[in-house]
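A structural walkthrough
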Amino acid sequence: MTLDLEETIILVQQGTRYKVRYWNAVMGEQPVGPRLARGDTFPTLATWAKTKMEGEELCQRWKMWLMARPKRKMPRRKVYS
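Starting from 1, residues in each chain are numbered consecutively following that chain's sequence as written. Local features in a predicted model are, by the rule used here, given only for residues with pLDDT of at least 70; side-chain atom pairs are given and counted only at 80 or more, and totals for whole chains, interfaces and linings are based on all residues. In computing side-chain values, all of the structure's heavy atoms are included and hydrogens and water are not.

Thoughts on the overall build of the protein
Rule in force here: In this text, helices come from DSSP runs of H or I with a minimum length of four residues, and strands from runs of E with a minimum of two, each type numbered from the N-terminal end. For the radius of gyration, the atoms used are the C-alpha atoms, and the globule rule reads 2.2 Å times the number of residues raised to 0.38. For every residue, the accessible area obtained with a 1.4 Å probe (protein chains only) is divided by the maximum for its type, and the residue is called buried under 20%, exposed over 50%, and partly exposed between those limits.
A count of helices and strands for the protein gives one helix and four strands. For the protein, the succession of helices and strands along the chain, N to C, is β-β-β-β-α. For the protein, the C-alpha radius of gyration of 15 Å lies well beyond 12 Å, the compact-globule estimate for 81 residues. Principal-axis analysis of the C-alpha atoms gives the protein an extent of 65 × 25 × 20 Å. A total of 81 residues make up the protein; the buried ones form 32% of that total.

See below:
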């Protein structure tokens, strides 16, 4: 399974720490939050890291979770006769 190029997890430096953020092509950079779970369980992974190396490891874990999320199914259109 590959990560969609329209969305990914990025690492942003804020002061002396690094923060994990969600990015997509339409909305840009956003905080990681439960809305990404799409009704499934939200992981208890950290979103802050003290070093860049720790932050990159966190990014990889978040990306693995993001790739494993259930795909949204388009609702079936009602046919009126």
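A word on the nonpolar core
Note the following rule: Buried residues of nine kinds, namely Ala, Val, Leu, Ile, Met, Phe, Trp, Tyr and Cys, make up a nonpolar core once their side-chain atoms join them within 4.5 Å.
Grouped together as the largest cluster of nonpolar side chains are twelve residues: I9, V20, Y22, V32, L36, A37, A49, L58, C59, W62, W65 and L66. Contributions of two or more residues to this core are made by β2 (17-24) and α1 (52-68). Among the elements that take part in this core, α1 stands out by supplying five residues, more than any other.

Without other data, these values stay purely geometric and don't point to any function.
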